[in-house]
Amino acid sequence: MAQESEKNNLILKELSEQSDEFDVSLRPKILSDYVGQEDIKRELAIFIHAAKKRNESLDHVLFYGPPGLGKTTLANVIANELETDIKITNGSSLIRTGDLAAILSSLNPGDVLFIDEIHRMPIVVQEILYSAMEDFSLSLIVGKGSDARTLTIPLPPFTLVGATTDAGSLSAPLRDRFGIIFKIQYYSPEELLDIVLRTSKALKFPISLEAAYQIALRGRGTPRIANRLFRRVRDYATYEGKEFIDISSTQNALKFLAIDDLGLDETDRKILECLIYRYNGKPVGLSSIASAIGENVENISDVYEPYLVQIGLINRTPKGRVATKKAYEHLKIDTINP
C-alpha cells in the first residue's frame, strides 16, 4: 500500500513539473483581457491613453498587496499597452548601487522598468532612484575622501513600476515619487472562476463549471493559487485517465492535496492549531509561531497570515496574533479556552 502511494506521488510530481512551463502563456497581455481589479484597470486605461497622446512616459506606478494577485502581470500589461519594452528585476538582487545603475543606464526612451519586491532594496540603493525618477538623471559619487565628486548621467524618460507586499517598508522619499499608487485587492470567487475557465481554455484541458467553481472557492482570493490548484487537479484527472476535469476528479484531488473548503492547507491549519493548542489562545508573535511550526517568518507574514486575517480566522492585536471564534468553529474545536 505504501509503495502504491509513493508511486502515485511520483507520477503527480512528474506531471506537475511538466505543467509549470505553461505559466507565462496564462498571463493576459492587455487590460481588456485582465480579469478583476476593475477600478485599477479603468484608471490605468486613462493614464496610459493620456501619456501616449502627449508622447510622454507614463508616470511611475507602485502596486502593493499580498503576493500572487497579479502585480507582475499588470506591469507587463502596462508595457504592452504603451507598446514599449520592459526590463524586469527583483529588489533583493539589487544589493549595490552599481547593480541598479547598470540597469538604469541600459534603458531606452519610454521603457518600463519593473522592480518586484522593491521594498527589499537597501536604503542606499533606493536613494539612487530619487533623481532617476524625478529628473531622469543618475547621480553617482565617484572617488573617496577629498577626491570624491558627484557624477551626473542623464537618463532617457522611463516608467518605473514597483511591486511590494509591504509599502510601509519603502522609504518615504521613494514612495512619494510614485505618481500612481494602487492597492491590489483580493479577487472574488466569481472573478477567480473566470480566471480558472480562462486557464482551462489556454491549457486546452476542459473543466466543468461546477468543478471550476470549487477550485475558485479554494483559490484564497488569489489568481496564482487558483491557477496552481487547477494544474494540480488537472494532474489528478490525467492520472485517473481522464481528459476532462469533472467534479469527482476535483473533489478527489482536493482531498489528496488536503485543501479544505476555505482553501486552507496543512500550514494554515498548523498556524491556527499552534495559536489554539500550544499557546492556549493567547496573543503570539510571528517569530514564535514560525519557530513552533518550523516555517519561515516571511512566508507566514506574506503568504499565510494576510488570507487568514482577511477571512476572519486570525486577529492582529498589539500583543500578537490570536485565533478567532470562527477559527475554532472551522477546526471543530469546542471551546475558545481549551
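Conventions we followed
Residues numbered from 1 in each chain as written. Predicted model: local features only at pLDDT ≥ 70, side-chain atom pairs only at ≥ 80, totals over all residues. Heavy atoms only, no water. Helix = DSSP H or I, 4+ residues; strand = E, 2+ residues; numbered from the N terminus. Polar contact = N/O pair within 3.5 Å; in protein donor to acceptor, adjacent residues only side chain to side chain. Contact = heavy atoms within 4.5 Å. Salt bridge = Lys/Arg side-chain N within 4 Å of Asp/Glu carboxyl O. 1 Å grid on protein atoms, 1.4 Å probe; cavity = no way out; pocket = protein on both sides within 12 Å on 5 of 7 lines; lining within 4 Å. Points joined across faces, edges and corners; volume = space filled by probe spheres on them. Phe/Tyr/Trp six-rings, centres within 6.5 Å; stacked < 30°, edge-to-face > 60°. Buried < 20%, exposed > 50% of the residue type's maximum accessible area, 1.4 Å probe, protein only. Axes fitted to C-alpha atoms, helices over the stretch in contact; angles between N-to-C directions. Parallel < 35°, antiparallel > 145°, perpendicular 65-115°, else oblique.

It is worth spelling out the side chain of Ser249 at this point. By the secondary structure assignment, Ser249 is in helix α11 (residues 247-256). Here the side chain of Ser249 touches Lys242 through a polar contact of 2.9 Å, side chain to side chain. For Ser249, the residues in contact, after removing those within four places along its chain, are Val233, Tyr236, Ala237, Glu240 and Lys242.

Take the environment of Asn76 next. By the element assignment, Asn76 lies in helix α3 (residues 71-82). In sequence terms Asn76 and Lys29 are 47 residues apart; their C-alpha atoms lie 7.1 Å from each other. Beyond its immediate stretch of four places on either side in the chain, Asn76 contacts Ile86 and Ile88.

What the rule picks out here adds up to 18 salt bridges. Linking Arg120 and Asp302 is a salt bridge whose minimum nitrogen-to-oxygen distance equals 3.7 Å. Of the two residues, Arg120 sits in the loop between β3 (112-116) and α5 (123-126) while Asp302 sits in helix α14 (residues 297-310), which places them 182 residues apart along the sequence. A salt bridge links Asp246 to Lys242; the shortest N-O distance between them is 3.1 Å. Here the salt bridges share partners, and the residues they tie into one network are Glu117, Arg120, Glu298 and Asp302.

The subject of this paragraph is the layout of surface pockets. As a volume, the largest pocket reaches approximately 700 Å³. Around the largest pocket sit 33 residues that line it, and Arg27, Gly68, Gly70, Thr73 and Arg224 are the ones nearest its centre. Among the secondary structure elements, those contributing two or more residues to the lining of the largest pocket are α3, β6 (159-164), α8 (189-202), α10 (223-239) and α14. The greatest single-element share of the lining of the largest pocket, amounting to 5 residues, is contributed by α10. In this structure, the second largest pocket encloses a volume near 420 Å³.

To continue, consider the packing of aromatic side chains. This structure, assessed with the given rule, holds 5 aromatic pairs. Ring geometry for Tyr236 against Tyr239: centres 6.1 Å apart, planes inclined by 65 degrees, an arrangement best described as edge-to-face. Of this pair, Tyr236 and Tyr239 both sit in helix α10, 3 residues apart, which is roughly one turn of the helix. Ring geometry for Tyr236 against Phe256: centres 5.7 Å apart, planes inclined by 50 degrees, an arrangement best described as tilted. With Tyr236 in helix α10 and Phe256 in helix α11, the pair connects residues that are 20 residues apart, well separated along the chain.

Below, the discussion takes up the environment of Gly162. Structurally, Gly162 is set in strand β6. Using a relative accessible area of 0% as the deciding quantity, one classes Gly162 as buried. The spacing of Gly162 and Ala75 is 87 residues in sequence and 8.5 Å in space, taken between C-alpha atoms. Beyond its immediate stretch of four places on either side in the chain, Gly162 contacts Val61, Leu62, Phe63, Phe114, Ile115, Ile118 and Phe178.

Contact geometry for helix α13 (residues 286-293) and α14: axes closest at 9 Å, N-to-C directions at 100 degrees. Here α13 lies roughly perpendicular to α14, going by the angle between them. For the pair formed by α13 and α14, the contact residues are Leu286, Ser287, Ile289, Ala290 and Ile293 on the first element and Val297, Ile300, Ser301 and Glu305 on the second.

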